[in-house]
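Chain by chain, the residues:
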Amino acid sequence: MVVSADKKLNKLRYAIEIEIASVARDLGQIAEELRQIAQGVDPKYKVCCPHCLNDNTIKKGKTKNGLQRYYCKDCGVFFTVKTFEKLQKI
Ligand SMILES: [Zn+2]
């Protein structure tokens, strides 16, 4: 039996749609974890330092605005999720 090009294309399209759906699910999960970090809820993994990128960080109080503040034991700096936003703009 000869499979037509159309059928092959449909099969491919279907496979791609499944792939996209799974990526979208992952992105949703990542977004949810970032939201939790912003709210100071314990994420599954440790927050990485935006300066040295190590995860040797601890929670250290909150800022005036109520943001969770983190402290990096490696480079000794304090940072919040706002630090990441600032770095992203650079
Ligand atoms: Zn650091």
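Coordinates for the structure precede this section.
Here the structure is a predicted model, which is why all the values come from computation and not from measurement. Position numbers for residues start from 1 in each chain and track the written sequence from start to end. Only residues with pLDDT of 70 or above have their local features reported here, since the model is predicted, and side-chain atom pairs are shown and tallied only from 80 upward, although totals for entire chains, interfaces and linings are computed over all residues.

**Student:** Would you explain unusual backbone geometry in this entry?
**Tutor:** Glycine aside, negative phi is the norm for most residues, and most peptide bonds take the trans geometry. Backbone geometry at Leu53 places phi at a positive 65°, although glycine is not the residue there. Think of it this way: any DSSP run of H or I at least four residues long counts as a helix, any run of E at least two long counts as a strand, and we number them from the N terminus. Looking at the secondary structure, you find Leu53 in the loop between helix H1 (5-38) and strand E1 (57-62). Exposure classes come from backbone-placed C-beta atoms, where a residue is buried if 20 or more other C-beta atoms lie within 10 Å of its own, exposed if 12 or fewer do, and partly exposed in between. Its 10 C-beta neighbours within 10 Å are what place Leu53 among the exposed residues.

**Student:** What is the right way to read the environment of Cys52 from this model?
**Tutor:** Tracing the sequence through the fold places Cys52 in the loop between H1 and E1. A count of 14 C-beta atoms within 10 Å places Cys52 in the partly exposed class. The spatial distance from the C-alpha of Cys52 to the C-alpha of Val77 is 9.8 Å, given a sequence separation of 25 residues. Residue pairs are scored as contacts if the distance between their C-beta atoms, which are placed from the backbone, is within 7 Å. Among all residues touching Cys52, those that are not within four sequence positions of it are Cys72, Asp74 and Cys75.

**Student:** Is there a simple way to explain the pairing of E1 in this structure?
**Tutor:** The two faces of a sheet get side chains in turn, since along a regular strand they alternate between them. Whether two strands pair comes down to DSSP finding at least two bridges between them. Of the strand pairs in this sheet, E1 and strand E2 (residues 68-72) are connected by four bridges, and their pairing is antiparallel. Paired with Ile58 across the two strands is Tyr71, which belongs to E2. Linkage of E1 to E2, two consecutive antiparallel strands, is achieved through a turn of five residues, within which Gly66 is found at a positive phi near 85°.

**Student:** Honestly, the sheet that holds E2 in this entry has me stumped. Any pointers?
**Tutor:** Whenever strands of a sheet pair, they do so through backbone hydrogen bonds, lying parallel or antiparallel. The strand order E1-E2-E3 describes an open sheet built from three strands, whose pairing is antiparallel. For this open sheet the edge positions go to E1 and strand E3 (78-79), each flanked by a neighbour on one side alone.

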